[in-house]
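For reference, the chains in residue letters:
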Amino acid sequence: MDPVLAEIYSTVLGAAPYVIAAYAGMLLILVVYVVFTMTKLKNSEKRLTALEEHVKQLSE
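Residues numbered from 1 in each chain as written. Predicted model: local features only at pLDDT ≥ 70, side-chain atom pairs only at ≥ 80, totals over all residues. Heavy atoms only, no water.

Examining the overall build of the protein
Inference 1: Scanning the protein for helices and strands turns up one helix and zero strands.
Inference 2: Its C-alpha radius of gyration of 26 Å places the protein more than 25% over the 10 Å reference for a compact globule of 60 residues.
Inference 3: Among the 60 residues that make up the protein, the fraction classed as buried is 0%.
Inference 4: On the protein, roughly 5,700 Å² of surface is accessible, and the fraction owed to carbon and sulfur atoms is 72%.
Inference 5: Treating the 5 positive side-chain charges of the protein as one cloud and the 6 negative ones as another, the clouds have centres 15 Å apart. (Helix = DSSP H or I, 4+ residues; strand = E, 2+ residues; numbered from the N terminus. Rg over C-alpha atoms; globule rule 2.2 N^0.38 Å. Buried < 20%, exposed > 50% of the residue type's maximum accessible area, 1.4 Å probe, protein only. Areas by Shrake-Rupley, 256 points an atom, 1.4 Å probe, with all protein chains shown as cover. Lys, Arg positive; Asp, Glu negative; His and termini not counted. Charge placed at Lys NZ, Arg CZ, Asp CG, Glu CD.)

A look at a nonpolar patch on the surface
Inference 1: The grouping of Leu 27, Leu 30, Val 31, Tyr 33, Val 34, Val 35, Met 38 and Leu 41 at the surface amounts to a nonpolar patch, some 760 Å² of accessible area in total.
Inference 2: Assignment of secondary structure puts Val 31 in helix H1 (residues 3–59).
Inference 3: Take Val 31: its relative accessible area is 44%, and that puts it in the partly exposed class. (Patch = residues over 30% accessible without salt bridge, like charges linked within 9 Å, V, L, I, M, F, W, Y side chains within 5 Å. Salt bridge = Lys/Arg side-chain N within 4 Å of Asp/Glu carboxyl O.)

Purely spatial values, then, with no claim about function.
Okay, here's the thing in structure tokens:
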């Protein structure tokens, strides 16, 4: 193997666990964000439905 490539591979492979951990962390943050957003959206939809029913009752 070319010594230059061996040096590059040793540098890259040494940092691989950190890169994998960074990607895993970003993926985890993204999943948590999506779950949080979906929960808030469902809550807002429930409140909007309740408000629509209340307005409908008031107009009758």
